[in-house]
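# Examination of the molecular architecture
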Amino acid sequence: MSKTKLSKEEKKLLDALDAGEYESVLTESRKKELEAIANNTFKKDKTINIRISNRDLTAIQSRALEEGIPYQTFVSSIIHKYISGSLKDLTANKPSKQTQ
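Residues numbered from 1 in each chain as written. Predicted model: local features only at pLDDT ≥ 70, side-chain atom pairs only at ≥ 80, totals over all residues. Heavy atoms only, no water.

Another aspect to go through is helix H3 (residues 54-67). Counted at 1.5 Å a residue, the expected span for H3 with its 14 residues is 20 Å, and the 20 Å between its end C-alpha atoms agrees. Just past H3, the residue glycine 68 takes up positive phi, approximately 80°. (Helix = DSSP H or I, 4+ residues; strand = E, 2+ residues; numbered from the N terminus. Expected span 1.5 Å × (residues − 1).)

What follows concerns the layout of surface pockets. Volume-wise, the largest pocket comes out at about 910 Å³. Around the largest pocket, the lining comprises 23 residues; the ones closest to its centre are Ile48, Gln72, Val75, Ser76 and Ile79. Of all elements in the fold, only H3 and helix H4 (71-84) reach the threshold of two or more residues within the lining of the largest pocket. Per-element tally for the lining of the largest pocket: the top contributor is H4, with 9 residues. Residue composition of the lining of the largest pocket, grouped by class: 10 nonpolar, 8 polar and 5 charged. Its volume calculated, the second largest pocket comes out at about 270 Å³. Asp56, Ala59, Ile60, Arg63, Glu67, Ile69, Phe74, Ser77, Ile78, Lys81 and Leu87 are the residues that line the second largest pocket. Breaking the lining of the second largest pocket down by element, the ones donating at least two residues are H3 and H4. The element best represented in the lining of the second largest pocket is H3, accounting for 5 residues. Its residues assigned to classes, the lining of the second largest pocket shows 6 nonpolar, 1 polar and 4 charged. (1 Å grid on protein atoms, 1.4 Å probe; cavity = no way out; pocket = protein on both sides within 12 Å on 5 of 7 lines; lining within 4 Å. Points joined across faces, edges and corners; volume = space filled by probe spheres on them. Nonpolar A, V, L, I, M, F, W, Y, C, P; charged D, E, K, R; others polar.)

Here it is as structure tokens:
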């Protein structure tokens, strides 16, 4: 486990949690609702086939290995992040060398 540097406030909260000063207010019905939402979010019920270059596949597999996940899961994650707006193309608004 890595040693994370906590702020004074974070340390105080962690100590209070460890001392049992906090109690969950999560009801059983809310827990089931959240579990259903999570299951639907990560449900993979469709298959796609794509053709990509060997170089790109090797790079994807390498990055997935760094992340510690299977490469197909990594590709699915990239697609999900892009569609949901949390992954942006950094070169999309960059002026090309021709227009400079």
